[in-house]
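Commentary on secondary and tertiary structure
In case you want the letters, here they are:
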Amino acid sequence: MSEMLVFRAADRSIGVPALNVHRIIDDADILPVPAMPPFYMGVLYHRGELFDVIHAGAVLYSSPPVRYTGSRRIILMKWDGHRIALAPDSVEGLVPFARGEDVQLVDPGNIRERALELQDGFI
Amino acid sequence: MDLSKYEKIFLQESGKYFRELDQLLMEVEKDPGGLELWEEIHGKVHSIKGMAAALGYPSVSDLSHRIEAWCKAFQQGGAFPGKEAVQCLFDGLDALKGLVAAKGVVEDWGTHERLRTVSELFSSPPETLKVSEQARDPGSGPVSSGNGLPVSGRGLSTAAMDQVRVKYGIIEELLGLSQEILSLERLLPSISRKRLPPTTRSWVVHYSSMLKVFYHKLISLRLVSVGDFAALFSRLIRDQAKKHGKAVKFDIAGEEIQADIALLERLREPLMHLIRNSVAHGIETAEERLLAGKNPTGGLFMEAARHRDRLFITFGDDGRGIDRARIVSHLCEVRGLDRRAVEAMPERDLLAAICEPDYSTSTEVSDISGRGIGMNVVARTVKSLGGGLTIESKPGAGTRFTIQLPVTLSILSAVTFRLGGYTVSVPTAFVDGIGKRNPGSQDGGAGSSGTLSAMLNVDRGEGPLYRVKIREAGSGDGTPGESRVLVLEADSIVGNESVVVVPAGEFLSRAGFYSGVGVMEDGSLSVILDVDALFRKARSSNGGAKLPAAISPGGAGEVRRESASTEVADPEGTQRSHVQGETGG
């Protein structure tokens, strides 16, 4: 697939390979969890699978943590046996790789590793 | 002896037989009384059996033998092969084909189950098939009911056909869909419900309750018995014993305990590894065992037990045990540890050293008569499942590996409560009591010392209304028989109900407080506390472990700093230790 899903976080346009996007859901029912780092918004159970929900801006750019209001789009991502739910500020849509000059392309594996590093520093 | 040449011949010959058998069965389907046909079928199955036995494929020869017994009965007129019986033979031969192609080795759960079903089918003596006078007349053809099946009392018992094979993925999909429907139902605003006419409201309630039952029934499809799981290893044990020239038996205890197939499947590789090591290095040869005064047949065992929210699977042997001296030597010479310190190490810690990565790659591993090869892989797998591994070994007596796991997907009874905007559950088995906090009491009030809220750095606002007392029992802290009590505060109690436990993901597992996520009957979620971890945290919090700032769900990013006092008391209340630390980040 030659497209990426572009979303906004911390005033930046970020793209992830569309191949790794499982689903985008609205009005997700996220369970907040105590004693977790600021970027961690909670868990989401979708069709039998549990996703860790992480705030895109907080994990990628250390933007201030946000309060979940229950009305935002969540990007469910799956790759190589991993899964993560990403909470962006907004979702822009699918864009071919070739047309994403102003978009920072991020690999979901890097997002996960960054989140784990942050959690290690937090614990 | 190199058997590969003969295996190739066997595969070719049996392939030819199977093609001929297919043809023959189609002929007996039209002419079930054809005795010459049955004689020919019998002969070919007998040949497959003989070749398999010669090559050491007992599963193939065993199934062939059972099918052969049926053929013999039909051939001798002791039973009449109705349409269903012939179909069973087709199924049996298909299973035999698969088994031959796999050289008698069953590696996946689905195939194992199919073979078990087929074997059980052919375990019924052919004499149980009833024969009618009409059917003995070869010219009359089989007597059948209007739908073509044999009449009652003839052919097969329908009990043998009461199972179907279902792909694991389909069960997962059904679970997910039903859970989503439950969530949708929960999203119906309560105000809308109140406006519904009574009959419609009643319908909705009935529909919801049926859906919940449906969901929980689906959950039970994922549970399999440990006995069935353990049986998968019988062939491996037999092969390993033969390879190393040893006699070994395998006993299973607690086989009736049920566990999530997804969990057991993850344990398959680690257990296979333990078995290989045990047979290769643990169990002595028959001569050595006789000299040691032991039974020449070595014993392997697997025990399963369930205690509260933990599943314990123990694998062990009665062999020579792990060579402690070798471990000491490795720790001193390779890791550079002080010999006196190493020799003073508790036995459990010393044995745990064989799970370290550098130990398994030691060049001395081939000389070590204990477990060294790949044990770190075993330990990592167990850890990734949120569990623990304990090793016990006695020289000359044997070794035990106990894998302790949080019960993953299963239905667990839990007390669910709310604290500071979070929904938390504790397995009911650990709950000692729930009570209301006295308004005038010091504990649990805002700004005062607390337990769970302090450990989890939860903003308790006005102060909790309830106290949930949990008790730890067993050797959670390495001291068998001693119990501890911990008081958790709660703003409100949701209830004591069955929750479906979903394994904690990567991030939750690393937090160290949670054993999973619970899906309640109405589809809502809660985090399930790992009670053992709570007690460990409570005991260690006097080390000044700082808890990071957290965002409470109802407020902005507020960082709180407060002293935390954690009360850990023994059940008699005669000894109390207060552990103080500071929270905040």
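Just above, that's the structure.
The following paragraphs examine the structure supplied in this document. (Residues numbered from 1 in each chain as written. Chains lettered and ligands numbered in written order. Predicted model: local features only at pLDDT ≥ 70, side-chain atom pairs only at ≥ 80, totals over all residues. Heavy atoms only, no water.)

Right, let's get into the overall build of chain B. Across its full length, chain B carries 21 helices and 17 strands. Within chain B, buried positions represent 46% of all 585 residues. Within chain B, contacts between residues at least 6 apart in sequence are counted, and of these 67% link residues at least 24 apart. Of the accessible surface of chain B, which amounts to about 27,700 Å², a share of 53% is contributed by carbon and sulfur atoms. (Helix = DSSP H or I, 4+ residues; strand = E, 2+ residues; numbered from the N terminus. Buried < 20%, exposed > 50% of the residue type's maximum accessible area, 1.4 Å probe, protein only. Contact = heavy atoms within 4.5 Å. Areas by Shrake-Rupley, 256 points an atom, 1.4 Å probe, with all protein chains shown as cover.)

One finds B:I470, B:L488, B:L508 and B:Y514 to be the most contacted residues of the largest nonpolar core, which totals 70 residues. Formed by 49 residues, the second largest nonpolar core is a distinct cluster that contains B:A241, B:I257, B:L271 and B:L350. (Core = buried A, V, L, I, M, F, W, Y, C linked by side-chain atoms within 4.5 Å.)

Turning next to the packing of helix α3 (residues 58-75) of chain B against helix α4 (residues 83-101) of chain B. Residues and elements named next belong to chain B. Across the interface, α3 lies against α4 with an axial gap of 10 Å and an inter-helix angle of 160°. As summarised for this structure, α3 and α4 are arranged roughly antiparallel, according to the angle between their axes. Classified by chirality, the crossing of α4 by α3 is left-handed. Here S59, V60, L63, S64, I67, W70 and F74 of α3 come into contact with α4, specifically with A85, C88, L89, G92, L93, A95, L96, L99 and V100. Taken together, the residues of the contact of α3 with α4 break down into 13 nonpolar, three polar and no charged. (Axes fitted to C-alpha atoms, helices over the stretch in contact; angles between N-to-C directions. Parallel < 35°, antiparallel > 145°, perpendicular 65-115°, else oblique. Left-handed = near helix turned anticlockwise from the far one by under 90°. Nonpolar A, V, L, I, M, F, W, Y, C, P; charged D, E, K, R; others polar.)

Taken together, the contact pairs 34 residues of chain B with 27 residues of chain A. Of the roughly 2,700 Å² buried between chain B and chain A on both sides combined, carbon and sulfur atoms contribute 66%. One salt bridge in this structure joins A:R112 and B:E506, with 2.6 Å as the shortest N-O distance. At the surface where chain B touches chain A, the tally comes to five residue pairs in polar contact (both at pLDDT 80 or more). Elements with a minimum of two residues in the side of chain B that touches chain A: α7 (168-187), β9 (422-427), β13 (492-503), α20 (506-511), β14 (514-519) and β15 (525-529) of chain B. For the side of chain B that touches chain A, the residue count by class is 22 nonpolar, eight polar and four charged. (Buried area = accessible area lost by both parts, 1.4 Å probe. Salt bridge = Lys/Arg side-chain N within 4 Å of Asp/Glu carboxyl O. Polar contact = N/O pair within 3.5 Å; in protein donor to acceptor, adjacent residues only side chain to side chain.)

Now for a negative patch on the surface. Residue and element names in this part refer to chain B. There is a patch of like negative charges on the surface, built from E27, D31, E36, E39 and E40. Within the fold, D31 resides in the loop between α1 (4-30) and α2 (35-55). Judged by its relative accessible area of 34%, D31 falls in the partly exposed class. (Patch = residues over 30% accessible without salt bridge, like charges linked within 9 Å, V, L, I, M, F, W, Y side chains within 5 Å. Lys, Arg positive; Asp, Glu negative; His and termini not counted. Charge placed at Lys NZ, Arg CZ, Asp CG, Glu CD.)

Moving on, we get to the pairing of strand β2 (residues 12-17) of chain A. Note on strand geometry: in a regular strand, side chains alternate between the two faces of the sheet. Residue and element names in this part refer to chain A. Here β2 lies mainly inside the structure; five of its six residues are buried. Sheet analysis places strand β1 (residues 3-9) next to β2, joined by six bridges and oriented antiparallel. Following the sheet pairing, F7 is matched in β2 by I14. Hairpin connection between β1 and β2: a loop of two residues separates the two successive antiparallel strands, and A10 in this loop has a positive phi of roughly 50°. Direction of pairing for β2 relative to strand β10 (residues 104-105): parallel, over a ladder of two bridges. What sits directly across from G15, in β10, is L105. (Pairing = 2+ DSSP bridges.)

Residue and element names in this part refer to chain B. Between α2 and α3, the shortest axis-to-axis distance is 9 Å and the interhelical angle comes to 160°. Relative to α3, the element α2 is oriented roughly antiparallel. Crossing geometry of α2 relative to α3 is assigned as left-handed. Residues L35, W38, E39, I41, H42, V45, H46, I48, K49, A52 and A53 of α2 lie in contact with α3, whose contacting residues are V60, S61, S64, H65, I67, E68, C71, K72, F74 and Q75. Among the residues making up the contact of α2 with α3, the classes are represented as 11 nonpolar, six polar and four charged.

Glancing now at the sheet that holds strand β4 (residues 298-307) of chain B. Residue and element names in this part refer to chain B. Reading across from one edge, β2-β4-β5-β7-β6 is the order of the five strands in this open sheet, with mixed pairing throughout. The outermost strands of the open sheet, each flanked by one partner alone, are β2 (248-253) and β6 (388-394). With direction set aside, neighbouring strand axes in the sheet form an average angle of 15°. Judged from the eight bridges that link them, β4 and strand β5 (residues 310-317) form a sheet pairing that is antiparallel. Bridge pairing links F301 to G316 in β5. On top of the sheet, helix α12 (residues 261-282) reaches β4, β5 and β7 (398-406); it is set at about 20° to β5, its chief contact.

Purely spatial values, then, with no claim about function.
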